[in-house]
Amino acid sequence: ITLFKFQLYKQSKTYELGFTASSRACSEDSWFKSLFVRKVDPRKDAHANLLTKNEESNLYKIQFHNVKPECLDAYNKLCEDVLPTIHADKYYPCELVGTWNTWYGEQDQAVHLWRYRGGYPALTEVMNKLRQNKEFTAYRKERGKMLLSRRNQLLLEFSFWNEPVPREGPNIYELRSYQLRPGTMIEWGNYWARAIRHRQRNKEAVGGFFSQIGDLYMVHHLWAYEDLQSREETRNGAWQQEGWHEAVYYTVPLIQHMESRIMIPLKASPLQ
């Protein structure tokens, strides 16, 4: 019995020593790993409030409509008949910023960008009023026959970008869309707040936005160029400016996916 008790004592001590060593190793391993965990400073405000122009409270809606190829001309004519009417009517607190067809990128696609001055209340007001508009109801019904699919996003504008304003043409437009890694929007904004000055000399910067509803952590940059050759020369020129390569170097790792569309404005677009 005494020998049996002694063996149990030895086993318990061995287990205790092993457990202590294991615990110490886990603790040291956790401490070592903590050195490489990215520390995030606590914030007392939403990311959107830190990045956007709070005093203006502009809300944007971007629409992507994939049109049946045989219906594209009729679709464009329908939009040109109806959308400018809503844009010009002060009864609706919204503005048509631009309307385009995708030239290079997803084919037979229309892109519309609307601005709502006054934020979500203005958006709700417009939606409620349009439900009572028989012409718009007929437009939506006819439009539905021409579409393969559609999607939209609600956006806010970055504080350091220009607000999109009507411009004369002819121009082509590039919409560059970036899907960011979740949690990196502030970091993206910090780098682009410094980088945007390298892309404003030829007035090619039209607007910069980030999503609030729809696909999240999405960024859209809208650029204007005279033609594709002008685009090539302007983009190459940016690499000759001190600081541009650094902005690209630090923002590329934040991107999960990116897409570029070259777009042609419709006749009714304020951005020509």
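Residues numbered from 1 in each chain as written. Predicted model: local features only at pLDDT ≥ 70, side-chain atom pairs only at ≥ 80, totals over all residues. Heavy atoms only, no water.

- As annotated in an unreviewed UniProt entry, the chain carries the name Nipsnap homolog 2 and comes from Oryzias sinensis.
- UniProt's Sequence similarities (unreviewed entry) comment on the chain is quoted here verbatim: "Belongs to the NipSnap family."
- The chain has a UniProt comment under Subcellular location (unreviewed entry) that states "Mitochondrion matrix". (UniProt positions renumbered as here; feature names shortened; annotations may be inferred.)

### Details of a negative patch on the surface
Alright, step 1. On the surface, a cluster of negative charge is made up of E226, D227, E232 and E233.
Alright, step 2. Here E226 is to be found in the loop between β7 (218-225) and α7 (228-238). (Patch = residues over 30% accessible without salt bridge, like charges linked within 9 Å, V, L, I, M, F, W, Y side chains within 5 Å. Areas by Shrake-Rupley, 256 points an atom, 1.4 Å probe, with all protein chains shown as cover. Salt bridge = Lys/Arg side-chain N within 4 Å of Asp/Glu carboxyl O. Lys, Arg positive; Asp, Glu negative; His and termini not counted. Charge placed at Lys NZ, Arg CZ, Asp CG, Glu CD. Helix = DSSP H or I, 4+ residues; strand = E, 2+ residues; numbered from the N terminus.)

### Quick word on the nonpolar core
Alright, step 1. One finds I86, Y116, F158, W161, W188, W192 and V219 to be the most contacted residues of the largest nonpolar core, which totals 50 residues.
Alright, step 2. Here this core gets 7 residues from one element, more than from any other, and that element is helix α3 (residues 72-88). (Core = buried A, V, L, I, M, F, W, Y, C linked by side-chain atoms within 4.5 Å. Buried < 20%, exposed > 50% of the residue type's maximum accessible area, 1.4 Å probe, protein only.)

### Examining the sheet that holds strand β3 (residues 109-117)
Alright, step 1. Strand order in this closed barrel of 8 strands is β1-β3-β2-β8-β5-β7-β6-β4, and the pairing throughout is antiparallel. Strand-to-strand, the axes of this sheet are offset by a mean angle of 35°, without reference to chain direction.
Alright, step 2. Here strand β4 (residues 147-157) pairs with strand β6 (residues 205-213) via 4 bridges, running antiparallel. Counted as the bridge partner of L155 is S211 from β6.
Alright, step 3. Along the sheet, α3 makes contact with β1 (58-67), β2 (95-104), β3 and β4, crossing β3 at roughly 10°.
Alright, step 4. Its contacts with the sheet put helix α6 (residues 185-195) on β5 (172-180), β6, β7 and β8 (255-265), and the angle it makes with β7 is roughly 25°. (Pairing = 2+ DSSP bridges. Axes fitted to C-alpha atoms, helices over the stretch in contact; angles between N-to-C directions. Contact = heavy atoms within 4.5 Å.)

### Thoughts on unusual backbone geometry
Alright, step 1. The omega angle of the peptide bond from G169 to P170 is 5°, so this bond is cis rather than trans.
Alright, step 2. Assignment of secondary structure puts P170 in the loop between β4 and β5.
Alright, step 3. Notably, D108 is not glycine yet its phi reads approximately 55°, a positive angle.
Alright, step 4. Relative to the assigned elements, D108 resides in the loop between β2 and β3.
Alright, step 5. Residue D108 is classed as partly exposed on the basis of its relative accessible area, which comes to 24%.

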